[in-house]
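Fold and contact review
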Amino acid sequence: IPYEEGSQQYEFVVQDLEKYSKDRTIDWIVAFYHRQAYSSGGGPDDEDDFTETYHPLFDKYNVVLALQGHFHAYERSYPITSNDDDEAKPIVTNTDPNTYENPKGTIFVTAGTGGAHTMKISKSKPFSAFGLDSEFGIVNISVENDGTVLKSSFIENSGDEDVYDEFEIIKEKTKNK
């Protein structure tokens, strides 16, 4: 499906993000899609055209979390904003490893761990907060504390259900809600 600027898909995303970014009953905007915008490689190439087209929209409409697949590994970025000069080098806005208060930018999570173990993270990039390959697992997301905390855990699901990664995003509750 064409997704470039001006396409039916792009217009749908813009209208949807604009509508929900203005809705005071919405606490969190989370995007999800199949192809990866950012990864530390070792698998399929990042979708540069997708990244260049959609990451600026995520910044504009305050998408706090982007869930992506395609790459059969787990990786989480720090909060990052798009870089107009080089979309492959996003701007890291917070390097705290696990807690982000009112972050500027989107956290990108690749959760392709239902797939085969053949793809490896080749080298961690500066935007990468955590990466793990060769493990099957799931991402569990919860919203807590009256909607002010979003928590995410990557849980291994081949028996022990060990938690390999977890982070939380904390944001102020707006007064008009």
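Before going into details, it helps to say that this report is about the structure given with it. (Residues numbered from 1 in each chain as written. Predicted model: local features only at pLDDT ≥ 70, side-chain atom pairs only at ≥ 80, totals over all residues. Heavy atoms only, no water.)

**Details of the packing of aromatic side chains**
Convention followed: A pair of Phe, Tyr and Trp rings is counted when the ring centres sit within 6.5 Å of each other, with Trp represented by its six-membered ring. The angle between the planes then sorts it: under 30 degrees is stacked, over 60 is edge-to-face, the rest tilted. Going along the chain from the N terminus, every DSSP run of H or I of four or more residues is numbered as a helix, and every run of E of two or more is numbered as a strand. Note on classification: 1.4 Å probe, protein chains only; a residue is buried when its accessible area is under 20% of the maximum for its type, exposed when over 50%, partly exposed between these limits. Placement of a positive charge over a ring is assigned whenever Lys NZ or Arg CZ falls within 6 Å of the ring centre and within 35 degrees of the normal to the ring plane.
Under the defined criterion, the tally for this structure stands at 13 aromatic pairs. Geometrically, the ring pair formed by Tyr33 and Phe50 is tilted, given 4.7 Å between the ring centres and 45° between the ring planes. Here Phe50 lies in helix 2 (residues 48-60) and Tyr33 lies in strand 1 (residues 30-33), a separation of 17 residues in the sequence. Phe50 matches Tyr33 in its accessibility class, with the two residues each being buried. On the numbers, 6.2 Å between centres and 35° between planes, the contact of Phe58 with Phe108 is tilted. Of this pair, Phe58 sits in helix 2 while Phe108 sits in strand 7 (residues 107-111), and the two are 50 residues apart along the sequence. For the pair Phe58 and Phe108, a shared accessibility class is recorded, and that class is buried. Grouped by ring-pair contacts, the aromatic residues Tyr3, Tyr10, Tyr33, Tyr38, Phe50, Tyr54, Phe58, Phe108 and Phe127 constitute a single cluster. Of note, Lys171 hangs over the ring of Trp28, and the distance from its end group to the ring centre comes to 4.4 Å.

**Points about helix 1 (residues 8-22)**
Quick reminder of the rule: The span expected for a helix works out to 1.5 Å for each residue beyond the first. What the arc measures is the spread of directions leading from the helix axis to the C-beta atoms.
In this model helix 1 runs 22 Å from its N-terminal to its C-terminal C-alpha over 15 residues, within 8% of the 21 Å that 1.5 Å per residue would give. Tyr10, Val13, Val14 and Leu17 are the residues of helix 1 that are buried. Buried residues in helix 1, looked at end-on, bunch into an arc of 100°, giving them a common side. Structural note: helix 1 exposes Gln8, Phe12, Gln15, Lys19 and Lys22 on the side pointing more than 90 degrees away from its buried face.

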